[in-house]
Amino acid sequence: MKVEFRTLFLKKRFPLTISRGIIRGSENLFIGITKDNIAGWGELSPGKSEGAATANLAQESIESFLDELEDDLSIHEITQHAREQQLPLCALAGLDTALWDWLGKKANLPLYRLLGIGLPSVPTSVTIGINSPQAVRERIPYILHDSQFKALKIKLGSPEGIEADQAMFAQVVESAKPYAVQLRIDANGGWSADDAMRMMKWIVRQAPHTEYVEQTRTPAAEQLSLMGSSRRIRIPGTGGTWKRMMLDPHHRIAIYMQDNLNSDYGKMGYGVMRFCQNEVVCIVDSTYAGETVSQVTGLPYDYPIVNGINEAIKADADVLVIGTAPSGGQIPENWVGTLRNAVRQGMNLVNGLHDPLNEQFGNDLKPGQWIWDVRQPGFTPAIASARAASLNNKRILMVGTDMAIGKMTAGLEIWKWIRAQHPNLHSEFLATGQIGITVTGKGIPLDGFKLDHACGAVEQLVMKETDADIIIIEGQGSLLHPGSSATLPLMRGACPTHLIMCHRAGMTSLRAPASIKVPPLKSFIELNEQMASACSALTSASTIGIALNTSHLNESEARNAIRDLEHETGYPVQDIVRFGAQKLASLITE
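Just so it is clear, the structure is predicted and the values come from calculations on it, not from any experiment.

Undergrad: What am I meant to see in the packing of helix α6 (residues 162-176) against helix α7 (residues 193-206) here?
TA: Two quantities define a packed helix pair, namely the angle between the helix axes and the distance between the axes. For the pair α6 and α7, interaxial distance at closest approach is 11 Å and the crossing angle is 25 degrees. On the basis of the axis angle, α6 is roughly parallel to α7. Seen from above, α6 lies across α7 with right-handed handedness. Residues Ile162, Glu163, Asp165, Gln166, Phe169, Ala170 and Val173 of α6 form the contact with α7, whose own contacting residues are Asp195, Arg198, Met199, Trp202, Ile203 and Gln206. Broken down by class, the residue content of the contact of α6 with α7 amounts to 7 nonpolar, 2 polar and 4 charged.

Written as C-alpha cells, this is what we have:
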C-alpha cells in the first residue's frame, strides 16, 4: 500500500469575518492511498479543536499510526484501532474517507450503493461573515442565487456591538426572503450572557423561524448553560425537527385542560398523559378541582386536578402544557391572563395551538425560560420529488376514515411494540402533529406548512431516517373529510410501502360534517392505496390491516366488532389500545 500526502491552501472567495478575527482560508491536507493500482483520496481540515492544529501535525500522526498498523485489516478494524490510539479526529476523518473511496473504486460502485443505502441527501449550508448591511445586500443574492443551499449561517458578535449585529441581521432577513433557506446564527463567543439573551428575544420578533443561536464555550456561554440552555440555543417558538428535546427529563409538567378535561378537545392532554416520559404532577381544570383524571373520565390516570396555576406551581410544575385544542386551534381570549400569569411566575409553556405565544409573552421571559410554539414550522423545505421511493426500508403510513380517530395513538403503540420485541431492528416514529412532536421531541407540524411546502417537509423528515429499517409515519386528516388536505402530502412525501387504516367501530358518517357518509371500508382502503400509488405511477402501498377504535364499546361488543369487520373486509383487525399492538405490528416485522 502506497500512502502520499498533499497540502493545499484553500483561499476563501470572501474573507470570513467573525468575532475573533478574519479567516482568509485554510491549509488542508489530502491523503492518497494506492493499492492494486487504485487510488483512494481523503481530505482533512486541521484545527486545535480537531486534535491537530496544523496539516503537518495531522500528517505526522497518520504516518505514525500507519507504521504500526497490521496488514489486511478491514476498514472497521482500522477505525477501531485509530480510536483506541486516539488518532486526532481530523486525521481519522481524512484516513477513513480515503479508505472508503478506495473500496468504492475497487468495487466500481458509488459508496451509497456499496453500503446498500439510499442516495445521500444532506441539507448543506453556507456562511456569511460579519458585514455591513450594504455588503449583505450585495452578497446574499450572489451566494444564494441558483444554489441548492438549505441553510444560511450568519456570523454575529460584531466588535461594534449588538446594534451593528441587529442592523446586519435585519438586512439578512430582508435579503434572504426570496430564497428558501433556514437561518442559523453563530456568535462565536462575541456576546456577553446579557447580550445573548437580549439578542435572542429580539431575533424571535424579527425572524421567529430562526433555527438556532450558537455561542462557543466562553464565560458567557457557560453562564447561559447554567441558566438552562445548551451551547447551541434553540430559538423559543420554533417547531421544526430538533436534535434535542425541548422537554428535558427533569421537567415536571402541569397540563392545562380548563373546561375540556372531559371533552373531545382534550386530545393533546390525553396524548401527553399516555406517552410523555416526563412526570405529570397535576391537571389544571377548575371545574373538577379536587378530583383525579380517572374519577372524571374513567381513563387510567390518577393525576390530581387543581384549580389554577398557583396550585400547579406549588406542586413543583415548571412546564405548563396546553392540553386542549379549541375550535380553529386558536387561544381563547379568556385564557390569555392565565397563561401570562404562568409565564410571569417562571413557568415554561408548551403550546400546540396555531396562535404563537412567543409573540404575546416573549418579552416576559426570564433568562433560561422558554415558550415552545410546537405548531410553528422551523424550516422551509424544498419541493418534494419522490426521493423517499429510493429507500429500501418499510414506511408505514397511518391513514383514517376521519379526524381524531386514533392514528397517532395506534402508530405510537405499534412503534413501542416493535422497539420492545425487535430491538435489533432500527425503527422510528415520525411525528407530524403537535402531540407527537411534544411527546417524542422531534417531527414536523404538518398543518403549519404552506400547501406547496407540505410534501417537501414530509420528504425531508423521512430522508433524515435513511438508515431506519422501519418508519412509522403519523397520519393526519382523512381523504374522506372535505376539510382535510393533509393525507396527500403525507403520501407524496413519505412514498409509503404500507398503510394501516384507522377506523371507529360502528361509524357510518363523519363526526362533523355528519352529512358525509362513510363508504364500505374495503372500498375506502382501495382508494387510499390507489391515491398512494397514483394508479401505479408512484410507490405501491399495500394495507397491512385495520386499527379499530372500540373505546365506546364493552369488551364483548369490541371483540364482536373486530370479528365482524375482519369478515367484511378480509383484513386483520385489532383495537391496538385495548388488546395490544402485536396482531398488526408483527405483520410489519415479518
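Undergrad: Looking at this structure, how should I read the side chain of Thr543?
TA: Within the secondary structure, Thr543 is located in strand β19 (residues 542-549). According to the relative accessible area criterion, Thr543 is buried, its value standing at 12%. At 2.8 Å, the side chain of Thr543 forms a polar contact with the side chain of Glu529. Apart from residues lying up to four places away in sequence, Thr543 is in contact with Leu499, Ile525, Glu529 and Tyr571.

Undergrad: How should the pairing of strand β2 (residues 21-35) be read in this particular structure?
TA: Along any regular strand the residues' side chains alternate between the sheet's two faces. When strand β1 (residues 2-18) meets β2, the two strands line up antiparallel, connected through 13 bridges. Its bridge partner lying in β2, Leu8 is registered against Asn28. As consecutive antiparallel partners, β1 and β2 are separated by 2 residues. Sheet analysis places β2 next to strand β3 (residues 38-44), joined by 7 bridges and oriented antiparallel. In the sheet register, Lys35 faces β3, and the bridge partner there is Ile38. As consecutive antiparallel partners, β2 and β3 are separated by 2 residues, and within that stretch Asp36 has a phi angle of approximately 55 degrees, a positive value.

Undergrad: Could you clarify how one ought to interpret the packing of helix α1 (residues 55-67) against helix α3 (residues 89-107) in this entry?
TA: Relative orientation of the contacting elements α1 and α3 amounts to 65 degrees, with a least axis distance of 9 Å. Relative to α3, the crossing made by α1 is right-handed. Judged by residue contacts, Ala58, Ser61, Ile62, Phe65 and Leu66 of α1 engage Cys90, Ala91 and Leu95 from α3. Here the residues of the contact of α1 with α3 sort into 7 nonpolar, 1 polar and no charged.

Undergrad: Explain the pattern of salt bridges here, please?
TA: If the charged atoms of two oppositely charged side chains come close together, the side chains can form a pair. The tally for this structure, following the rule as stated, stands at 19 salt bridges. In this structure, Glu4 and Arg6 form a salt bridge, with 3.7 Å as the shortest nitrogen-oxygen distance. Ionic pairing is found between Asp186 and Lys155, a salt bridge with its closest N-O pair at 2.8 Å. Linking Asp186 in strand β6 (residues 182-186) with Lys155 in strand β5 (residues 151-155), this pair joins segments that are 31 residues apart in sequence. The pair formed by Asp186 and Lys155 is uniform in burial state, with each residue classed as buried. The network of salt bridges with common partners includes Arg274, Glu413 and Lys416.

Undergrad: How should the confidence of the model for the protein chain be read in this particular structure?
TA: One rule of thumb: low pLDDT means the predicted coordinates there are not for detailed reading. Summary statistics for the protein chain give a mean pLDDT of 88 and a share of 93% for residues scoring 70 or more. Per-residue pLDDT stays below 50 along residues 217-245; that stretch engages in 90 contacts with residues further than four places along the chain or on separate chains.

Undergrad: Is there a simple way to think about the environment of Tyr265 in this case?
TA: Residue position: Tyr265 is located in the loop between β9 (252-256) and α9 (267-275). Overall, Tyr265 belongs to the partly exposed group, its relative accessible area being 43%. As a C-alpha pair, Tyr265 and Gly323 span 58 residues in sequence and 8.6 Å in three-dimensional space.

Undergrad: Any chance you could explain the nonpolar core here in plain terms?
TA: Where a protein is soluble and globular, its nonpolar side chains tend to be buried together. Core analysis: the largest hydrophobic core is formed by 92 residues, its most contacted members being Met273, Ile283, Ile414, Ile472, Ile500 and Ile588. The element that contributes the greatest number of residues to this core is helix α14 (residues 407-421), accounting for 7 residues. Residues contacting Met273, with those up to four places away along its chain left out, are Ile255, Met257, Leu261, Ile283, Val293, Tyr301 and Tyr303. With 28 residues, the next largest nonpolar core counts Val126, Leu144, Ala196 and Val213 among its residues.

Undergrad: Please explain the sheet that holds strand β18 (residues 498-504) as it appears in this structure.
TA: Two strands in a sheet stick together by hydrogen bonds in their backbones, pointing the same way (parallel) or opposite ways (antiparallel). Read from one edge of the open sheet, 6 strands run β16-β17-β15-β18-β19-β20, paired in parallel fashion. The outermost strands of the open sheet, each flanked by one partner alone, are β16 (427-430) and β20 (573-574). Where strand β15 (residues 394-400) and strand β17 (residues 470-473) come together, 4 bridges link them in parallel fashion. Residue pairing across strands places Lys394 opposite Ile470, the latter belonging to β17.

Undergrad: When you look at helix α21 (residues 582-589) in this model, what are you seeing that I'm missing?
TA: Each turn of an α-helix holds 3.6 residues, which means side chains three or four residues apart point in the same direction. Inspection of α21 places Leu584, Ala585 and Ile588 among the buried residues, and these make up the whole buried set. Mapping the buried residues of α21 onto a view down its axis gives an arc of 95 degrees, with all of them on the same face.

About the thresholds
Residues numbered from 1 in each chain as written. Predicted model: local features only at pLDDT ≥ 70, side-chain atom pairs only at ≥ 80, totals over all residues. Heavy atoms only, no water. Axes fitted to C-alpha atoms, helices over the stretch in contact; angles between N-to-C directions. Helix = DSSP H or I, 4+ residues; strand = E, 2+ residues; numbered from the N terminus. Parallel < 35°, antiparallel > 145°, perpendicular 65-115°, else oblique. Left-handed = near helix turned anticlockwise from the far one by under 90°. Contact = heavy atoms within 4.5 Å. Nonpolar A, V, L, I, M, F, W, Y, C, P; charged D, E, K, R; others polar. Buried < 20%, exposed > 50% of the residue type's maximum accessible area, 1.4 Å probe, protein only. Polar contact = N/O pair within 3.5 Å; in protein donor to acceptor, adjacent residues only side chain to side chain. Pairing = 2+ DSSP bridges. Salt bridge = Lys/Arg side-chain N within 4 Å of Asp/Glu carboxyl O. pLDDT = per-residue confidence, 0-100. Core = buried A, V, L, I, M, F, W, Y, C linked by side-chain atoms within 4.5 Å. Arc of directions from axis to C-beta.

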